[in-house]
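Remarks on the overall topology
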Amino acid sequence: MNPVSDRSDAGFGRLARLLHWLMAAGILAMLFIGVGMVASVSERHQWLMQIHKPLGVALLVLVCIRLAARLYRGAPALPGDMPAWQRLAAHASHVLLYVLMFAMPLIGWAMVSAGGYPVIVGAWQLPPIAPADAALFAWLRGAHRYLAFLLFATVLAHLAAALFHGWIRRDGVLESMTRGR
């Protein structure tokens, strides 16, 4: 089996489904926590930040595992009767999702580093990945913010496409991620 090609057998395996749903919950939580952080100057801001940072690191670890599993196992083939433009849109949206799932935590980590703040996960303090620089911090903060909007829009499009496949086309695409068939 070619590890980077699409599989034609069955649906996604248990590991792929577990990672997908864990990350879906984590990403949605991160988006809402992020909105809460920027909308609050109260004591809740610090509390939300202490959830946001380690969850971002956890999502970065999970996306690394997920990409490795995807490259090794591949993905179920798309339905043969799917129009070419939908195939292209599906592949492009998945690439965009993976890029954003890597970019968001890395940019967040770099932003915090540029602000001179530590990233603490449990008992460990992660090393800074950017120099402390106010201008870089401001630029990264804007990038993190706008990419969060793009991620939210991409997640909504992904959800809409999944529901389209599950409720309208009824072609097994949604079931490949919900039931593995």
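These numbers were taken from a predicted model, which means no experiment stands behind them.

**Structural notes on the overall build of the protein chain**
A tally of helices and strands in the protein chain yields five helices and two strands. When the helices and strands of the protein chain are read in sequence order from the N terminus, they spell out α-α-α-β-β-α-α. In terms of overall dimensions, the protein chain has C-alpha extents of about 50 × 30 × 25 Å along its principal axes. Taking all contacts inside the protein chain whose residues are at least 6 apart in sequence as the whole, residues at least 24 apart take part in 70%. In the structure as shown, the protein chain presents an accessible area of about 11100 Å², 71% of it carried by carbon and sulfur atoms. With 15 positive and 7 negative side-chain charges, the protein chain shows a spacing of 4 Å between the two charge centroids.

**A look at the packing of helix α3 (residues 84-114) against helix α4 (residues 134-169)**
Taken N-terminus to C-terminus, the directions of α3 and α4 make an angle of 150°; their axes are 8 Å apart at the nearest point. Judged on the interaxial angle alone, α4 and α3 are roughly antiparallel. Note on packing geometry: the crossing formed by α3 with α4 is left-handed. When its residues are assigned to classes, the contact of α3 with α4 shows 19 nonpolar, seven polar and two charged.

**Notes on a nonpolar patch on the surface**
A surface patch of nonpolar side chains, amounting to about 440 Å² of accessible area, comprises Leu 15, Leu 18, Leu 22, Val 61 and Ile 65. Within the residue set of the nonpolar patch, elements represented by two or more residues are α1 (14-38) and α2 (44-73). Tallying contributions element by element places α1 first for the nonpolar patch, with three residues. Looking at the element boundaries, Leu 15 is found in helix α1.

**Some remarks on the UniProt feature "domain: Cytochrome b561 bacterial/Ni-hydrogenase" (unreviewed entry) in the protein chain**
Those residues carrying the UniProt feature "domain: Cytochrome b561 bacterial/Ni-hydrogenase" (unreviewed entry) are residues 12-180 in this numbering. Taken as a whole, residues 12-180 contains 76% helix and 4% strand, while its terminal C-alpha atoms sit 5 Å from one another.

**Things to note about the confidence of the model for the protein chain**
Residues at a pLDDT of 70 or more form 94% of the protein chain, whose mean pLDDT is 90. Per-residue pLDDT stays below 50 along residues 1-8; that stretch engages in 23 contacts with residues further than four places along the chain or on separate chains.

**A closer look at α2**
Across its 30 residues, α2 extends 42 Å between first and last C-alpha, which sits within 8% of the 44 Å expected from 1.5 Å per residue. Residues of α2 that are buried: Leu 48, Met 49, His 52, Lys 53, Gly 56, Leu 59, Leu 60, Leu 62, Val 63, Arg 66 and Ala 69. On the buried face of α2, the contacting elements are α1, α3, β1 (119-121) and α4. Residue Gly 74 follows α2 closely and has a positive phi angle near 80°.

Calculation rules
Residue numbering note: each chain is counted from 1, following its sequence as written. Reporting of local features is limited, given that this is a predicted model, to residues whose pLDDT is at least 70; pairs of side-chain atoms are given and counted only at 80 or more, and all residues count toward the totals for whole chains, interfaces and linings. Side-chain metrics in this entry use all non-hydrogen atoms of the structure; hydrogen atoms and water are not considered. Strands here mean DSSP runs of E at least two residues long; helices mean DSSP runs of H or I at least four residues long; both are numbered from the N terminus. Every residue pair with non-hydrogen atoms within 4.5 Å of one another is taken to be in contact. With residues, only the protein chains shown are counted as cover, and all accessible areas are computed by Shrake-Rupley using a 1.4 Å probe. Positive charge is attributed to Lys and Arg, negative charge to Asp and Glu, and no charge count is given to His or to the chain ends. Lysine's charge is taken at NZ, arginine's at CZ, aspartate's at CG and glutamate's at CD. With axes taken as lines fitted to C-alpha atoms, and helix axes fitted only over the stretch in contact, angles between N-to-C directions fall between 0 and 180 degrees. Angle categories: roughly parallel below 35 degrees, roughly antiparallel above 145, roughly perpendicular from 65 to 115, and oblique for all the rest. Left-handed describes a crossing in which the near helix is turned anticlockwise from the far one by less than a right angle; the clockwise case is right-handed. When residue character is reported, Ala, Val, Leu, Ile, Met, Phe, Trp, Tyr, Cys and Pro are called nonpolar, Asp, Glu, Lys and Arg charged, and the others, Gly included, polar. Note that patches include only residues with greater than 30% relative accessible area and no salt bridge, and the join distances are 9 Å for like charges and 5 Å for nonpolar side chains (Val, Leu, Ile, Met, Phe, Trp, Tyr). Salt bridge criterion: a side-chain nitrogen from Lys or Arg within 4 Å of a carboxyl oxygen from Asp or Glu. UniProt positions are given in the numbering used here, feature names are shortened, and annotations may be inferred rather than shown by experiment. Confidence of the predictor in every single residue is expressed as pLDDT, which spans 0 to 100. To estimate how far a helix should extend, the number of its residues minus one is multiplied by 1.5 Å. Classification of residues uses two cut-offs on accessible area relative to the type maximum, computed with a 1.4 Å probe and protein chains only: under 20% is buried, over 50% is exposed, and between them is partly exposed.

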